[in-house]
Structures are given as C-alpha cells and as structure tokens.
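# What the coordinates show
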Amino acid sequence: YSHYRMGLAKKHFDIPLDQAIAEDDARLIRRSRYAGQVARYFELFRREQVHVLFFEELIADPEPHLAALLRFLGVDDSLAAELAQTDKSNAAATYRSAGVYNAGVGLARALRNNPLTSGLAKTLKNAGVYDRIKGMNRKEEAYAPLSEADRAALVAAFRDDVGRLEGVLHRAVP
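Residues numbered from 1 in each chain as written. Predicted model: local features only at pLDDT ≥ 70, side-chain atom pairs only at ≥ 80, totals over all residues. Heavy atoms only, no water.

### Quick notes on the pattern of salt bridges
Inclusion rule: When a carboxyl oxygen of Asp or Glu lies within 4 Å of a side-chain nitrogen of Lys or Arg, that pair is called a salt bridge. Secondary structure elements follow DSSP: runs of H or I no shorter than four residues count as helices, runs of E no shorter than two count as strands, and numbering proceeds from the N terminus.
Summed over all chains, the structure comprises 8 salt bridges. Two residues, Arg164 and Asp161, come together in a salt bridge whose shortest N-O distance is 3.9 Å. Taken as a pair, Arg164 and Asp161 lie in helix α10 (residues 148-169) at a separation of 3 residues, close to a single helical turn. Through salt bridges with shared partners, one network takes in Asp24, Arg30 and Arg33.

### A few points about the layout of surface pockets
Any empty space left between atoms is shown by rolling a water-sized probe over those atoms. Rules: Any residue with an atom within 4 Å of a point lines the site, the site being either a cavity, points on a 1 Å grid over the protein atoms alone where a 1.4 Å probe fits but cannot get out, or a pocket, an open set with protein on both sides within 12 Å along at least 5 of 7 lines. Grid points are joined across faces, edges and corners, and a volume is the space filled by probe spheres set on the points.
Each pocket or cavity is described by its volume, and for the largest pocket that value is around 1500 Å³. Taken together, 44 residues line the largest pocket, and the ones lying closest to its centre are Tyr1, Ser2, Ser32, Tyr34 and Glu56. Sorting the residues of the lining of the largest pocket by element identifies α1 (2-9), α3 (35-44), α4 (55-60), β1 (93-95) and α10 as the ones contributing at least two each. Ranked by residues supplied to the lining of the largest pocket, first place goes to α10 with 9 residues.

### Details of the nonpolar core
Here is the rule: Among buried residues, the Ala, Val, Leu, Ile, Met, Phe, Trp, Tyr and Cys ones that are joined through side-chain atoms within 4.5 Å form a nonpolar core. Relative accessible area decides the class of each residue, using a 1.4 Å probe on protein chains only: under 20% of the type maximum gives buried, over 50% gives exposed, and in between gives partly exposed. It only takes one pair of heavy atoms within 4.5 Å for two residues to be counted as in contact.
Tyr4, Leu8, Phe13, Ile15, Leu17, Ala20, Ile21, Leu28, Ile29, Leu146, Leu154 and Phe158 together form the largest nonpolar core, which totals 12 residues. Secondary structure elements with two or more residues in this core: α1, α2 (17-22) and α10. In terms of residue count, α2 provides more of this core than any other element does, 3 residues in total. Apart from the residues within four sequence positions on either side, Leu154 is in contact with Leu17, Ile21, Ile29 and Leu146. The next biggest cluster of nonpolar side chains, apart from the first, holds 8 residues, and it includes Ala35, Leu165, Val168 and Val173.

Here you go:
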C-alpha cells in the first residue's frame, strides 16, 4: 500500500488501487511478489549470505531484529538498542509538487550520467543539496486507511506468493 501511495504522490501513475489489483498491474502488484525474487537470490548466493527482514517484525520488536541485522553485517550489535529508540523513520509523506520532485530526479540522473558533470553531481549529493531540495518539497501526510475491501483483495492477490515465499524461506511470513 505504501508503494501505491508513493507512486500516486509522485504522479508515476493514477490508477485506483482496486483496478490495479484486478488488472494485476505490473508496476504495483507483480513487482510486489517476492517469492521469485528471493528464490533468485538463493540461487546466486548461499543462504547465510542473505538476510531477510520483515518490516512488520522490525516495527513490532525492533531491538532483536536490528541486533540480528547488525550481526549479519558484521557490525557491533550493541548499537541495536540505540537504533531501536529512533522516534520516526520512513514517515508517510507526499510532495507539494510531483513536477518538482520528478524534475529534480531527472536533473540529478542527467548530471550523474554525464561524464562532464558527474563530479558536480557527487559534490551536490555529498553536500546534501539534493536531500534539502527534496525535503523542502516533501510534506508529511498520513495515508488514508486501507479499506477492508482493498485489504481483502490484496490478501487474495498475494496469497499464493506468500505461500511460496514461506517455502523459500522455510518460515512463516508475518
């Protein structure tokens, strides 16, 4: 649902959620089926080289999941308690102007991909210029709650993939 809301805010698409679900929209529904994506990682890497963390688990009990992630990364897991105390992360937001957002992304990409301006792009990024511009255009705004009908349709749309993902991971998906 957050991916859908973000796409609407950025004007990447303008399709009702129920229509996207019914049409199995590639931008919204098919790209959110993770079983095949995770299975592909396990084909390319050993299981101990891949760490799968569910957002729901992280939100419900952040400290042990952050500690496990830090250990996986080879970082001191004593930082987990401090990281778990963060007040807000990835807050729901929209943009004052989708046009400004999309123009900024396009300009940054053009600067980064041009050999003559790639150094400038890196300097601007390191100086936080891009983040400040995006921040000025960003507006925190709680999402409208997901309707029960859309929730039921999403559960049905992803039921088979969740089952496959549980088989790939050898554990329940929250």
